[in-house]
Amino acid sequence: NTFVHWVPRASGSANNITDLAHMLQNDAGTDLTPPTDARPASFQRLGRAFIVALRNSPFLFVRKVDPTAIFSGCERLSEAFASLAFAATPAPIQGQGQDWRGTGTWLDNRRSPVVINSRDGAATLAGRDRDMQAKGYYCGDRLEVIFISGYRASAVVSADGKQLHWANGVVWPRANS
């Protein structure tokens, strides 16, 4: 069996495909180009939760994984599959299971609080405004996110953990510092 993520009406309801599709849409570590009526979704990044769910599903293959797709975390995608999907018993992955050092509340450039949550290489960012919602991944001190608008951004947490330096030059202070 091959997992292919189509628009909901093409996949039916309450079946193996829809169960896995629902899970992947809630996985902050997974990034995909949304499906259309003519094309299935295409995966650019796969998160730990999706790979583990895939292991536990009846599917042997995933269709439309971009050749440049990455894993949410520090490992290569091939290493993540070897550890999480293909091993007799899923093996731990370096850095997984730990929160990112930048997890917590930050003040954006308008001094509005933005909460960053993280787990297993995946991260979510949630502010007051609808456009201040993002999901992505972290590796070491670096955070890569895609905002709900489609804007991609990266940031690095400072050595003292009190500032978040975005690639565009914006710096967010930690809310409690």
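## Focus: the packing of helix H3 (residues 48-55) against helix H4 (residues 77-86)
Inference 1: Closest axis-to-axis distance for the H3/H4 pair is 9 Å, and the angle between their directions is 45 degrees. Between H3 and H4, the angle is such that the two are oblique. Both H3 and H4 take part in a crossing whose hand is right-handed. Counting all contacts with H3, which are made through Arg-48, Ile-51, Val-52, Leu-54 and Arg-55, the residues of H4 involved are Leu-77, Ala-80, Phe-81, Leu-84, Ala-85 and Phe-86.

## Examining the packing of helix H2 (residues 16-25) against H3
Inference 1: Between H2 and H3, the shortest axis-to-axis distance is 9 Å and the interhelical angle comes to 165 degrees. The angle between H2 and H3 falls in the class roughly antiparallel. Two packed elements cross with a definite hand, and for H2 against H3 that hand is right-handed. The residues of H3 that touch H2, namely those facing Leu-20, Met-23 and Leu-24, are Ala-49, Phe-50, Ala-53 and Leu-54.

## Some words on the confidence of the model for the chain
Inference 1: Across the chain, the average pLDDT comes to 88, with 94% of residues at 70 or higher.
Inference 2: The lowest-confidence element of the chain is helix H1 (residues 8-11), averaging 63 in pLDDT; the highest-confidence one is strand S12 (residues 163-166), averaging 98.

Criteria and thresholds
- Residues numbered from 1 in each chain as written.
- Predicted model: local features only at pLDDT ≥ 70, side-chain atom pairs only at ≥ 80, totals over all residues.
- Heavy atoms only, no water.
- Axes fitted to C-alpha atoms, helices over the stretch in contact; angles between N-to-C directions.
- Helix = DSSP H or I, 4+ residues; strand = E, 2+ residues; numbered from the N terminus.
- Parallel < 35°, antiparallel > 145°, perpendicular 65-115°, else oblique.
- Left-handed = near helix turned anticlockwise from the far one by under 90°.
- Contact = heavy atoms within 4.5 Å.
- pLDDT = per-residue confidence, 0-100.

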